[in-house]
Each structure stands twice: as structure tokens, then as C-alpha cells.
Amino acid sequence: MKILLIGSGGREHALAWAISDSPLCDTIIITPGNPGAAAFGKLANIAADDIDGLVSLAKTEAADIVVIGPEVPLVDGLSDRLEAEGISAFGPTAAAAQLEGSKRFGREFCSRHNIPQPQWNYFTDARAAKAFASTLVGGCVVKADGLAAGKGVTVCDTTEEAALSIDEMLGGRFGSASAQILVEERISGPEFSAFALLDGKDALWLASAQDHKRAFDNDEGPNTGGMGAVSPSRFETDALRQQIMEKIIQPVADGMADEGMPYRGILYAGLMLTDKGPQVIEFNCRFGDPEAQVILPRLQSDLLSAIYTTTEGGLQNFAMRFSQDSAVTVVMAAKGYPGSYDKGSTIIGAETLESASGCLVFHAGTATDEDGQIIANGGRVLCVTALGASREQARAMAYQGVAEIKWDDGFYRGDIAAD
Ligand code: AMP
Ligand code: GLY
């Protein structure tokens, strides 16, 4: 099969690596990709948000399946456009991707299908939003309705803080993404990310993970796309998995099908394990980044066969095997990230996927200079993943892998998977 893979992060490097391992895979084209992913296929230079360009590339290349890594092209309808051309897409339609693209849509969907979630309401009027916020005991959370690159959520301790966020967001802080906002009850408990495959009807559990969103150790500093992750989550048990499948994942598959928006692709449910059971914080319509870099190395089954089965609707009779090992990934980011940072500094030790200590070095924001040397070219630059019989072993090995990389302009958290 000829696979077109969309995206340029560590997630896509990990996807290219896992897909290329399949006997079903003949060729992978990755666009725009990165120097790490280039080892597994041919790079093209169409951006991940250029829907027309991507459809035309898929047609010229006669791709059998287009695997869509990031959320933006999904929300913008790339799957619909490909399906209209008779090309299989791995990733939900624009209608189904609203689960991520509009937080209000996700909340209303959960309300309609009795999927457990915090109390919430949506507003375009600041006065009404503040009045609702003041009825919520124990703080609240203010969210932009639309995609805001992971920055559109403020967790507030006081009604004053909430009022400030409400004014900022409705005042246009995230443009049209925050023209409408949600105010939610602030729930508490450990966060738990659940990943499943949905084929439009059936759902198959994939794995759990936990990511570390803040930039610095001890969960300090600004929110990022994720500074590291571990899979499985320390909270995963058979009973919890079953509860999440029964109360959250399968109801999403059933509800989307019943509403005429069958969901095909990966569902990433961001949950909080409250004392009333797991509740939905948010849905994402794709793999996480860096969660893919810990889930895929644990996968022992053929990823491409799972992708093909998902697009064809045969998950009911499909099974997947994962290693019992833990995987830990540590993200190396450019100093200054998630704010402004320099590009172009030299990185030594990331030339091959496998490091000397046996870690997997996934590229994200890298490029090569005219001498073929790897240089930094983004905020999150590398993800160093290790597998180990225990979380502690995986963690120790991942940090050994990080220590082997020489890059003066980078930083990383020292406490990934330490809690
Ligand atoms: P999101 O972008 O929706 O994942 O939100 C970012 C972070 O905000 C989550 O990882 C949670 O830590 C926190 N958060 C979001 N919604 C809530 C909520 N209703 N209660 C408590 N924390 C929340
Ligand atoms: N690491 C969080 C995300 O991919 O949304």
C-alpha cells in the first residue's frame, strides 16, 4: 500500500516508523515531515493545513490511505475531501472532528448521551458568563470554544480570576475561537488520557497515557503542547478500562453513528478520575503528541493493518497486542519555548532513530543544514523514548538517552514520569 502521512511532529515520525514496519506498507510519503521521518519515506512539501494541496498530492501520488496526524486538517474537512475523491482517510470527517474543534459541540454531545462530565454552559455575553461562574463552588474553568493551539483554557481559583478570563476571551484574545466561551465546574483528580480506535460503529481500546503539559519541573511555567509522556498511565486497571469503554468511548461511537456522523479514526479522550468516576475534560480527534511516541513503541501488532481495518469498518473482529512494558518519552525543547525561541543551533547525537543506549529518538522541530547536520527548527525539537519493564527503568533509560544528545540551546523537564 502507498501511504500519505500528514504532519511534521514527533507524532508523525513515530507513525512513519510504526507504519513502515508493516508488511502491507510499500511506500510512505510524508508531508511536510522532518529529517527523522525522512528515513522511512519520501518527503513532500505541502503544509498540513493546505487542504487543496494535500488532496491534489494524494491524487497525484495515488495514495491508498491518507493518515492525518494533526487536528487542523481534520477539523477543516480533509477526510471529507479525500473520501469524495475515493481515497481512504484515517481520521474523522469535519462533522465528527467537531468533538475536538468545538468544545461546545463536545459538551452538548456528552449531555445528549449521558457521558459523564462537569457542569458547564456556553456564553457570548460576559455578564451571563460571570453570573454562572459565581454559582460554581471551588473555582471554575473558562474555555474558548474553538481551536486555540492548546492555550484556550484558564483554570480559575476565584470569581475575580474567572471574570478577567471571561472578559479577555470574549474581548477577542483568541479571535473567532473565543467569540463563544464555555464556563465549567472545576473538577479534580488525576488526569488520564484514553486512546481508542473507532471504525464508525465499533470501538477498540488502544492504550492509556499521561502527559506533562507545563514547561518546567513540578508543573510550573506555561502550558505547552506536552513536555513528556508515559504509557500506560499508573492508574490503568482492567476495571477502569472497562468503565471508560462502557461509559465514554462506546457511547461516543454509538452516539456519533446515531446522529449521522460516524466517527472513524483515533479518539483521544482527556479524562479526570474524580471521586464520582472518570469524567470528560476534552476530546481530541487524533493521536496525542507526545503520547504517540510512548503508545506506538509499546504496540506489538501491525499498525497499518489496524489503520486499514478502521477505515474499512472491521474492528469488531480485530484485536491488538501491546507490550506490558512502560514507555517514557522526554521532550527536548528550544530554550524560550512555548514563547519565542531561536532556530538553527546544532544538535549532535540525533542522527539515527536508535541512540547508543537503545532509546528511540523521534524528531519534531528539526531540519538539516547544508552540511547535512541536524539543527533546531521549532519549539519542541526531539522526543527521546525508552521502554522498560517498569516505569522507573524506562524513565532512567530515557534520561540516559537525553544525556547522550549534545544541544546547547535546548532544555527539558527532569521529572517526566517521576510522580
Ligand atoms: P483542555 O485543553 O480542555 O485539555 O484543558 C487543559 C487543562 O485544563 C486540562 O488538562 C486540565 O488540567 C484543565 N481542565 C480543563 N477542564 C477542566 C475542568 N472542568 N476541571 C478541572 N480542570 C480542567
Ligand atoms: N499532548 C497533548 C495533545 O496532543 O493534545
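Residues numbered from 1 in each chain as written. Chains lettered and ligands numbered in written order. Predicted model: local features only at pLDDT ≥ 70, side-chain atom pairs only at ≥ 80, totals over all residues. Heavy atoms only, no water.

Peer 1: Just give me the short version of the site of ligand 2, but keep the residues and values in it.
Peer 2: Around ligand 2, the structure places Asp211, Gly225, Tyr268, Arg286, Gly288, Asp289, Pro290 and Glu291. At 3.1 Å, a side-chain N or O of Asp211 approaches a nitrogen atom of ligand 2. One nitrogen or oxygen atom from the main chain of Asp289 is found 3.0 Å from an oxygen atom belonging to ligand 2. For ligand 2, whose free accessible area comes to 200 Å², the fraction covered by protein is 88%. (Near = heavy atom within 4 Å. Polar contact = N/O pair within 3.5 Å; in protein donor to acceptor, adjacent residues only side chain to side chain. Areas by Shrake-Rupley, 256 points an atom, 1.4 Å probe, with all protein chains shown as cover.)

Peer 1: Describe the environment of Thr346, naming the residues involved and giving the relevant values.
Peer 2: Position of Thr346 relative to the elements: it lies in the loop between β17 (326-334) and β18 (360-363). In the structure, Thr346 is positioned 336 residues away from Gly10 in sequence and 18 Å away in space, judged by C-alpha atoms. For Thr346, the residues in contact, after removing those within four places along its chain, are Gln373, Ile374, Ile375, Lys406 and Trp407. (Helix = DSSP H or I, 4+ residues; strand = E, 2+ residues; numbered from the N terminus. Contact = heavy atoms within 4.5 Å.)

Peer 1: Which residues make up the sheet that holds strand β3 (residues 42-43), and what are the values?
Peer 2: Across the sheet, five strands lie side by side as β3-β2-β1-β4-β5; this open sheet has parallel pairing. Whereas interior strands pair on both sides, the edge strands pair on one side only; in this sheet they are β3 and β5 (88-90). Here three bridges tie strand β4 (residues 65-68) to β5, and the two strands are oriented parallel to one another. Paired with Ile65 across the two strands is Ser88, which belongs to β5. Here helix α1 (residues 10-20) sits on the sheet in contact with β1 (2-7), β2 (27-32) and β4, set at roughly 165° to β1. Along the sheet, helix α11 (residues 303-312) makes contact with β1, β4 and β5, crossing β5 at roughly 115°. (Pairing = 2+ DSSP bridges. Axes fitted to C-alpha atoms, helices over the stretch in contact; angles between N-to-C directions.)

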